[in-house]
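Notes for the structure review
Chain residues, written in single-letter form:
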Amino acid sequence: MADRYDAVVVGAGPNGLTAAALLAREGLGVLVVEASEDLGGGLRTRELTLPGFRHDVCSAVHTMGCLSPAFELLELTRHGLRWQHPPASVAHPLDGEQAVLLRGSPAETGAELGADLASYRGLIEPFLARPRELIADLLAPLGLPRQPLLLARFGWLGLRSARQLAFGRFQGEAARALFAGCAAHAVQPLEHALTAAFGLTFAVAGHIAAWPVARGGSQAIADALLRVCREHGVELSVGRHVRSLRELPASRVVLLDVAPRQLSEIAGEVLPDSFRYELSRYRMGPGCFKLDFALDGPIPWLDERCALASTVHVGGTFDEIAAAEKATWDGEHPARPFVMVTQQSHFDETRAPAGKHTGYAYCHVPNGSSHDMTAAIEGQIERFAPGFRERILARHRLFPRDFEAYNPSYIGGAVTGGVADAGQLFTRPSLRLDPYSTPDPRLYLCSQSTPPGGGVHGMCGFYAARSALRRHFGKRLQLPVDTARAST
Ligand SMILES: Cc1cc2nc3c(=O)[nH]c(=O)nc-3n(C[C@H](O)[C@H](O)[C@H](O)COP(=O)(O)OP(=O)(O)OC[C@H]3O[C@@H](n4cnc5c(N)ncnc54)[C@H](O)[C@@H]3O)c2cc1C
């Protein structure tokens, strides 16, 4: 390790690695310091159950990753990343009825929704006119949108709660439930303002490109980012949990891929009390309880079409999902949680031995909970796939405390960087014109606790790197979508 760098990045998650790669591409000398022995943060894949079964420890399905303008800029597919797109993004099983599938065009999905066909098409189709620009606008901090009218429409619909939008637009349970499953990625009650924006974002994204998994595991995304980093000379230092800025070599800027509370601890001595107070008030939100399964065969869904989807939203009707998410928010453990199930091995044969499958399921739980949700999660899957338990060869549990031990940014098991509600979505971690900056001009936050928030897309890293490059190095960073627009 040298004694001086242009930039030091603390944390090698997708945002830290994206920032490091972008800074190094601009010719800066960059060091990445990571607490864990392996790199990738939420992008690691391990044999958690039995030999030959490769499980995504955290992130699994890359709805935003495959559309990310930052990943496009870094040409991750040229660096070995392969997206495996399923026939359907989502399957949503319902008791005693056919499952609903989010797939293909809005007309194809709408055909599953009976009387709500026209409403569904009317809701989604306008957003598909200029998908690249829309995604770039959605995955950005507040500012001048590329598509002002389209974004105004999105905001007008998305500002409301998922309940308002689903019950205002749709007459039938199928459409409402499908929307609830997409909106529940907000990790908050579906009666909260802005939860409709999550439902819309996830549904629209599924019509741009079916929600993919990464061939070889989510680790493959980190590996592609690392290839770009190495190509541009980024140095990597692993197994170093940074507790103070004093532990770092000298540099012109430091970018931290950490939670706000960690920022306050690491950089406390250079940050004013008022800013530290704001960071201390930042809300992390519910935690996560996860199960990984080695399975003797595919999950035996009653509706076999569920096998076509990378993600199965298991929770039943809109009201059931809303009740589960509200209970979690209120500190309870619902008997029938909303469960996200993913089926990577259906679309990527590298995940399990021939004829076998991996299973992945998690639900939200109160922050820091130590409650074992195994029976509740498996009960929900059995409800729509009787005989599921008999297929389990081995299971692995991750409680909120395990997530925090695994990654110090997952405080209390909260895995998406903090509550993304009206109070924190755009002003994370605090109200500043440049949300990546801090009162210390040398320091930047580049984690999912900045806009646009949680998920594997690297856009927090992009905007933090852009800010540091502009202020300290006089360089301008552009997304491919903007370069293309400028040249037409
Ligand atoms: C169970 C689960 C399921 C998920 N599913 C999906 C999904 O399907 N799709 C999706 O897009 N997203 C998903 N996510 C969310 C996604 O993983 C995160 O949004 C994403 O990883 C955030 O990236 P990041 O770079 O901001 O932070 P992280 O990925 O959290 O990386 C931060 C890195 O910083 C390191 N670090 C922290 N503190 C320090 C320190 N003090 N010193 C040194 N290093 C430090 C950590 O070890 C870690 O490597 C899921 C997350 C979990 C846990």
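Residues numbered from 1 in each chain as written. Predicted model: local features only at pLDDT ≥ 70, side-chain atom pairs only at ≥ 80, totals over all residues. Heavy atoms only, no water.

All right, on to the packing of aromatic side chains then. Inspection of every chain in the model, using the stated rule, returns eleven aromatic pairs. With a centroid separation of 5.1 Å and an interplanar angle of 90°, the aromatic rings of Phe167 and Phe318 are classed as edge-to-face. Here the residue Phe167 occupies a position in helix α7 (residues 162-169), and Phe318 occupies one in helix α13 (residues 318-329), the gap between them amounting to 151 residues. Classification of Phe167 by relative accessible area gives partly exposed; the value is 33%. Following the ring pairs from residue to residue traces out a cluster consisting of Tyr120, Phe170 and Phe179. The ring of Trp156 carries the charged tip of Arg160 above its face, separated from the ring centre by 4.7 Å. (Phe/Tyr/Trp six-rings, centres within 6.5 Å; stacked < 30°, edge-to-face > 60°. Helix = DSSP H or I, 4+ residues; strand = E, 2+ residues; numbered from the N terminus. Buried < 20%, exposed > 50% of the residue type's maximum accessible area, 1.4 Å probe, protein only. Lys NZ or Arg CZ within 6 Å of the ring centre and 35° of its normal.)

Attention now moves to the side chain of Glu133. Turning to its location among the elements, Glu133 is positioned in helix α5 (residues 131-138). Residue class for Glu133 comes out buried when judged on its relative accessible area of 9%.

On to the nonpolar core. By size, the foremost hydrophobic cluster in this structure holds 59 residues, and its most contacted members are Tyr120, Phe127, Phe179, Leu190 and Leu200. Ranked by residue count, the leading element in this core is helix α8 (residues 173-183), at eight residues. Every residue in contact with Leu200, bar those within four places of it in the chain, is listed here: Leu123, Ile124, Phe127, Phe154, Leu157, Gly158 and Phe179. Counting residues in hydrophobic clusters, the runner-up holds 58 residues, among them Ile135, Tyr444, Ala464 and Val481. (Core = buried A, V, L, I, M, F, W, Y, C linked by side-chain atoms within 4.5 Å. Contact = heavy atoms within 4.5 Å.)

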